[in-house]
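Structural overview
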Amino acid sequence: MSKDLPLNSLGLPKPPAETRVVVAMSGGVDSSVVAAQLAEEGYDVVGVTLQLYDHGAALAKKGACCAGQDIHDARRVAETMGFPHYVLDYENTFREAVIDEFADAYLAGATPVPCIRCNERVKFKDLLETAKDLDADCMATGHYIQRKMGPHGPELHSAADPNRDQSYFLFSTTPEQLSYLRFPLGHLASKAETRALAAKYGLPVADKPDSQDICFVPNGNYASVIEKLRPGAADPGEIVDMEGNVLGQHKGVIHYTIGQRRGLGIGGLGDPLYVVRLDPDTRRVIVGPKEALSTRIIPVREINWLGDEPFTARPEWHLSVKVRSTRPPREAIVRPISATEAEVELLNPEEGVSPGQACVFYETGGTRIYGGGWIWRGR
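Our subject in this report is the structure included herewith.

About the criteria used
Residues numbered from 1 in each chain as written. Predicted model: local features only at pLDDT ≥ 70, side-chain atom pairs only at ≥ 80, totals over all residues. Heavy atoms only, no water. Helix = DSSP H or I, 4+ residues; strand = E, 2+ residues; numbered from the N terminus. Rg over C-alpha atoms; globule rule 2.2 N^0.38 Å. Buried < 20%, exposed > 50% of the residue type's maximum accessible area, 1.4 Å probe, protein only. Contact = heavy atoms within 4.5 Å. Areas by Shrake-Rupley, 256 points an atom, 1.4 Å probe, with all protein chains shown as cover. Pairing = 2+ DSSP bridges. Axes fitted to C-alpha atoms, helices over the stretch in contact; angles between N-to-C directions. Phe/Tyr/Trp six-rings, centres within 6.5 Å; stacked < 30°, edge-to-face > 60°. Core = buried A, V, L, I, M, F, W, Y, C linked by side-chain atoms within 4.5 Å. Expected span 1.5 Å × (residues − 1).

Another point: the overall build of the chain. Check the secondary structure of the chain and you find 7 helices and 17 strands. On C-alpha atoms alone, the chain measures out to a radius of gyration of 22 Å, which is about the 21 Å that the 2.2 N^0.38 rule sets for 379 residues. With 379 residues in all, the chain has 51% of them scored as buried. Nonlocal contacts in the chain, meaning residues at least 24 apart in sequence, comprise 63% of its contacts between residues at least 6 apart. As displayed, the chain has an accessible area near 17400 Å², and 48% of this comes from carbon and sulfur atoms.

Bringing the sheet that holds strand β3 (residues 85-89) into the picture now. Spatially, 5 strands are ordered β3-β2-β1-β4-β7 in an open sheet, and the strand pairing comes out parallel. The strands lining the two open edges of the sheet, one partner per strand, are β3 and β7 (181-182). Sheet strands in contact with helix α4 (residues 114-133) are β1 (20-24), β2 (44-51), β3, β4 (138-140) and β7, and its direction is about 135° off that of β4.

On to the sheet that holds strand β9 (residues 246-250). Strand order in this open sheet of 4 strands is β9-β8-β11-β10, and the pairing throughout is mixed. Edge positions in the open sheet fall to β9 and β10 (274-279), since each of these has one partner strand only. The sheet shows a mean angle of 25° between the axes of neighbouring strands, taken without regard to direction. Across 5 bridges, the pairing between β10 and strand β11 (residues 284-288) is antiparallel. By the bridge assignment, R277 is partnered in β11 with I286.

On to the pairing of strand β17 (residues 368-375), then. If a strand is regular, its side chains alternate between the two faces of the sheet. For β17, the tally of buried residues reaches 8 of 8 residues, placing the bulk of the element in the interior. Where strand β6 (residues 153-158) meets β17, 2 bridges bridge the pair, whose relative direction is antiparallel. Within β17, the position partnered with H157 by the bridge is R368. Bridging between strand β16 (residues 358-362) and β17 involves 5 bridges; their strand directions are antiparallel. By the bridge assignment for β17, F361 is matched with G371. Where β16 folds back on β17, the antiparallel hairpin that results is connected by 5 residues, among which G365 adopts a positive phi of roughly 80°.

In this section: the packing of aromatic side chains. Each pair of aromatic rings is reported with the distance of its centres and the angle of its planes. A complete count under the given rule lists 11 aromatic pairs for this structure. Note on F94 and F216: the rings are 5.7 Å apart at their centroids and 75° apart in plane angle, and the pair reads as edge-to-face. Placement of F94 in helix α3 (residues 91-107) and of F216 in the loop between α6 (191-200) and α7 (222-229) is noted, with a sequence separation of 122 residues between them. Given a relative accessible area of 1%, F94 falls into the buried group.

A general trend in soluble globular proteins is that nonpolar side chains are found buried together. Grouped together as the largest cluster of nonpolar side chains are 51 residues, with contacts concentrated most on L52, F94, V122, M139 and F216. Breaking this core down by element, the ones donating at least two residues are β1, β2, α3, α4, α5 (175-180), α7, β16 and β17. M25, V34, A74 and V77 belong to the second-largest nonpolar core, a separate cluster that totals 29 residues.

In this model, helix α2 (residues 68-81) (14 residues) spans 21 Å end to end at C-alpha, consistent with the 20 Å of a helix rising 1.5 Å per residue. Buried residues along α2 sit against α1 (29-40), β2 and β3. Backbone geometry just after α2 places G82 at a positive phi near 75°.

As a further point, take the pairing of strand β13 (residues 317-322). The buried fraction of β13 is high, at 5 of 6 residues. Two elements, β13 and strand β14 (residues 330-336), share 5 bridges in a ladder whose sense is antiparallel. Note that in β14 the partner of W317 across the bridge is V334. Bridge analysis of β13 against β16 gives 3 bridges, and the strand direction is antiparallel. Across the sheet, the residue bridging to S320 is Y362, located in β16.

Encoded structure:
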């Protein structure tokens, strides 16, 4: 019977008033606008905010999400628009699923991306299940990404505004999750449109600054958080060149990232040197010339594939890949090893490819995301 009804703006064959939507509300302007817009359209909106951490200094930090002031802001938006709002305590889950791995990855010399793990393991897993428990027909978020219907079902596409696109952080969204999720802001041309909508709805967060850095890292100081979580993590060691010659001392491997040039404290050596590798086992920071950063072959694992046919159906896929969130996609050949592992060959070498970062697959010359995986050191 319901299939004969026209689809509403969320693509469901029900009137908005009979469609329950759980909106994941971080307290920022993006998710607040999503909730307000859906409420104005007549949907049965339920706002849910996750309390993810309580790091003292972080509570008063501008630009953090999911703590203190942000929970208060989300609640005020719900009151303004007249829909129910709940706060769920996910601190233990967040620590186990995101923060602990973040600390361990850094200690292992990787450069992790905890925002991806948070989406994968908390927001699009536990929160999504909570939305289903609340009998919601779908869950909406304020992410800048597009969900489009293709011939084989929903597809993930980049946001209309390339400056706001968050596809790099959402590559691990599974087809099952994608069928339930909605991203109402993905088609907007700019963040200015979002803020204009916030002003239109009279939201108290209309002028709130965007979140910056990692939510649980106050002031962007990764090392201090890791030292707190893993005492002894900042043990000193040697800075060596690629032949193993000692050039200086450092105050802990966790203070360095691959590709770093400044702050090494080993000036006066002629050509500039960059961090090319971190060896936490020997507590060594290995430096070398810029050309030593170039990488063509990248081992990738834990692949989430969003193509229309199985990942292993072809010996190779000609796609474009992003190896950091701030870089444009570059053409590559992706060769499956198994359903979850691959070797990625870049047609043009990239500098500063780091274990712990994501390698996200894109349609070359198009907007579709074909999934991705995690960069590692290989066997």
